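Here is how the chains run, residue by residue.
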Amino acid sequence: MRLSELSVLVVEDHGFQRRVALRLLEELGLRHVEAAADGRAALAALQTRPADVVLVDLDLPEMDGIEFIGHVASHKRAGAIVLTSALDPALLNTVQGMARAYGLRVLGVVEKPLTTFKLAEVLGRFHNEEESPAAEPDVEIGPDALRRALAAGEFEAWFQPKVAISTGHVIGVEALARWPHDGRMIGPARFIPLLEREGMIGQLTERMLEQTCCWRRRWADEGLELGLSVNVSMLNLADVATADRYQQIVADHGARPRDLVIEVTESSVMSEAAHVLNVLARLRLKGFGLAIDDFGTGYSSLAQLSQIPFTELKIDRGFVSGAPTQPRKRAVVEASLDLARKLHLTVVAEGVETVEEWQMLAELGCQQVQGFLVSAAVPGHALPGAIRDWHQPEDAPPR
């Protein structure tokens, strides 16, 4: 879908500001644009015609923008939202976090006054964002469908490059699960939570390990040597046999434990602490790297860093996005990097989308980045081409 094909709803109570927004969107070539002066009128418009993107000001009469966003999330009538406000950045950051927790895609914040450049930049992210539940409101997924998909081997590993800031070279990839289903490609946010609830997440993880190791061997045959990262739920680690099983899978597919980093994603409280620590310690003993994923969010915390022999810390995209212009986010990134240095951990910043974010991370001493600035996740066969595209001189940011 091209930018001009997006449908956009502007929710703004100030008449002049509303007219400016509509005019700027029309200048960008958007043909499907509507406007509403308050939250109730906007919800009525969305009930009739769902929008790809809603531009919403938080300071609205009667129903404020925060309440409005909650209604949009519950009714799933928009693909994504953009905040248009001049309010306190800390408040805007909180609202973005709330919207994402509701399952909405948040493309970012556009500060007033609006310009075509600002709007084009934020709306352009619509095509780059990961799949999310709000982006696929008409897809119903149940446990039986997931069981059939696992049995049929339908889940695929896609790969997002990880780049060393010091050299700009791609040094590794993170494997991310994708599911071709019903004519569309479904991202992990739609099926991972259900797989965890239904006790099927272990099957998916082992499939991702197998596919990732197979692709590594194919890339190596093409002269491309890359480190590998695979996400593992804490729920997988309650079984003390997990470490031996992962070691066997890796060996059976021509790789070594030292070639892989296990990214620990803790989506639920660690209920079997002794077993989990047992498995993680044995994975490190066997040579696997361990990364604490999405550091600073959910249950990823200092408690885990103090107990688990991590080798890598991944800074969540929510802290990286906008950090060059938001002091609180920058402070969190800086503190995370300082902590990692003291613990001798490699740091990977996720969700890097702009040259400004890259430069800030370089100044602060971050070692590695991944994100849309480098490449979105791609199928294994497309990875060499994505790496070649990144290495074109005109694409690489200053180092």
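Residues numbered from 1 in each chain as written. Predicted model: local features only at pLDDT ≥ 70, side-chain atom pairs only at ≥ 80, totals over all residues. Heavy atoms only, no water.

Trainee: Which parts of the structure should I look at to understand a negative patch on the surface?
Mentor: Side chains of Asp-13, Asp-59, Asp-64 and Glu-67 sit close together on the surface and give a patch of like negative charge. Tracing the chain through its elements places Asp-64 in the loop between β3 (51–56) and α3 (65–75). (Patch = residues over 30% accessible without salt bridge, like charges linked within 9 Å, V, L, I, M, F, W, Y side chains within 5 Å. Areas by Shrake-Rupley, 256 points an atom, 1.4 Å probe, with all protein chains shown as cover. Salt bridge = Lys/Arg side-chain N within 4 Å of Asp/Glu carboxyl O. Lys, Arg positive; Asp, Glu negative; His and termini not counted. Charge placed at Lys NZ, Arg CZ, Asp CG, Glu CD. Helix = DSSP H or I, 4+ residues; strand = E, 2+ residues; numbered from the N terminus.)

Trainee: Explanation requested: the sheet that holds strand β4 (residues 78–84) in the structure shown.
Mentor: Each strand in a sheet pairs with another by means of backbone hydrogen bonds, the pair being arranged parallel or else antiparallel. Ordered by their spatial adjacency, 5 strands build an open sheet running β2-β1-β3-β4-β5, and the pairing between neighbours is parallel. In this open sheet, the two edge strands, each paired with only one partner strand, are β2 (32–36) and β5 (106–110). Each neighbouring strand pair of the sheet contributes to a mean axis angle of 20 degrees, computed without reference to strand direction. Two strands pair when backbone bridges link them, and strand β1 (residues 7–11) and β2 are joined in this way by 5 bridges, in the parallel orientation. Across the sheet, the residue bridging to Val-10 is Ala-35, located in β2. (Pairing = 2+ DSSP bridges. Axes fitted to C-alpha atoms, helices over the stretch in contact; angles between N-to-C directions.)

Trainee: Got a minute to help me understand the layout of surface pockets in this structure?
Mentor: Take a probe with the size of a water molecule and roll it over the atoms, and the empty space left behind shows itself. By volume, the second largest pocket amounts to about 710 Å³. Lining the second largest pocket are 27 residues, and of these Val-109, Arg-125, Gly-322, Thr-325 and Gln-326 sit closest to its centre. Classifying every residue of the lining of the second largest pocket gives 9 nonpolar, 10 polar and 8 charged. Split by domain, the residues of the lining of the second largest pocket number at least three in each of domain 1 (3–131) and domain 2 (143–389). (1 Å grid on protein atoms, 1.4 Å probe; cavity = no way out; pocket = protein on both sides within 12 Å on 5 of 7 lines; lining within 4 Å. Points joined across faces, edges and corners; volume = space filled by probe spheres on them. Nonpolar A, V, L, I, M, F, W, Y, C, P; charged D, E, K, R; others polar. Domains from an automatic or database assignment.)

Trainee: Hey, could you run me through the domain arrangement of the chain in this one?
Mentor: Interfaces are often described in size by the accessible area the parts lose on coming together. Here the chain is described as being made up of domain 1 (3–131) and domain 2 (143–389). The C-alpha centroid of domain 2 is placed 31 Å from the C-alpha centroid of domain 1.

Trainee: Sorry if this is basic, but what is going on with helix α7 (residues 188–197) here?
Mentor: Among the residues of α7, Arg-190, Phe-191, Leu-194, Leu-195 and Glu-196 are the ones counted as buried. Residues of α7 that are buried sit in contact with α6 (143–151), β7 (170–181), β8 (184–186), α8 (201–221) and β9 (227–233). Following α7 by one or two positions, Gly-199 has its phi on the positive side, about 75 degrees. (Buried < 20%, exposed > 50% of the residue type's maximum accessible area, 1.4 Å probe, protein only. Contact = heavy atoms within 4.5 Å.)

Trainee: Can you walk me through the UniProt feature "modified residue: 4-aspartylphosphate" (unreviewed entry) in the chain in this structure?
Mentor: UniProt's feature table lists "modified residue: 4-aspartylphosphate" (unreviewed entry) at Asp-57, given in the numbering used throughout. The topology assignment puts Asp-57 in the loop between β3 and α3. Residue class for Asp-57 comes out buried when judged on its relative accessible area of 5%. Leaving out residues up to four positions away in the same chain, Asp-57 has contacts with Val-11, Glu-12, Asp-13, Gly-65, Thr-84, Ser-85 and Lys-112. (UniProt positions renumbered as here; feature names shortened; annotations may be inferred.)

Trainee: Can you help me understand the pattern of salt bridges in this one?
Mentor: Pairing between side chains of opposite charge can happen when their charged atoms approach one another. In total, this model carries 20 salt bridges according to the counting rule given. One salt bridge in this structure joins Arg-23 and Glu-27, with 2.8 Å as the shortest N-O distance. Placement of both Arg-23 and Glu-27 in helix α1 (residues 15–27) is noted, with a separation of 4 residues, approximately one turn of the helix. On the accessibility criterion, Arg-23 (42% relative accessible area) is partly exposed. Of the charged contacts in the structure, one is a salt bridge between Asp-244 and Arg-282, with a shortest N-O distance of 2.9 Å. Here Arg-282 lies in helix α10 (residues 273–286) and Asp-244 lies in helix α9 (residues 242–252), a separation of 38 residues in the sequence. Look at Asp-244 and you get partly exposed, because its relative accessible area is 36%. Residues participating in the shared-partner salt-bridge network are Glu-174, Glu-263, Lys-314 and Glu-350.

Trainee: I'm lost on empty space enclosed by the protein in this one. Help?
Mentor: Evaluated as defined, the whole model comprises 1 cavity of 30 Å³ or more. Taken as a whole, the largest cavity holds about 60 Å³ of empty space. The wall of the largest cavity is formed by Val-10, Val-11, Glu-12, Gln-17, Ala-21, Leu-55, Thr-84, Lys-112 and Leu-114. Tallied by class, the residues present in the lining of the largest cavity amount to 5 nonpolar, 2 polar and 2 charged.

Trainee: For this particular structure, what's the right way to read helix α13 (residues 327–342)?
Mentor: Every α-helix winds through 3.6 residues per turn, so residues three or four apart in the chain are directed the same way. For α13, spanning 16 residues, the distance from its first C-alpha to its last is 22 Å, which sits close to the expected 22 Å at 1.5 Å a residue. Of all the positions in α13, only Lys-329, Val-333, Ser-336, Leu-337 and Ala-340 are classed as buried. The buried residues of α13 occupy one face: seen down the axis, they fall within an arc of 95 degrees. Counted as exposed and oriented over 90 degrees from the buried face of α13: Pro-327, Arg-328 and Lys-342. Residues of α13 that are buried make contact with α4 (89–101), β11 (289–295), β12 (312–315), α12 (317–320), β13 (346–349) and α14 (355–364). (Expected span 1.5 Å × (residues − 1). Arc of directions from axis to C-beta.)

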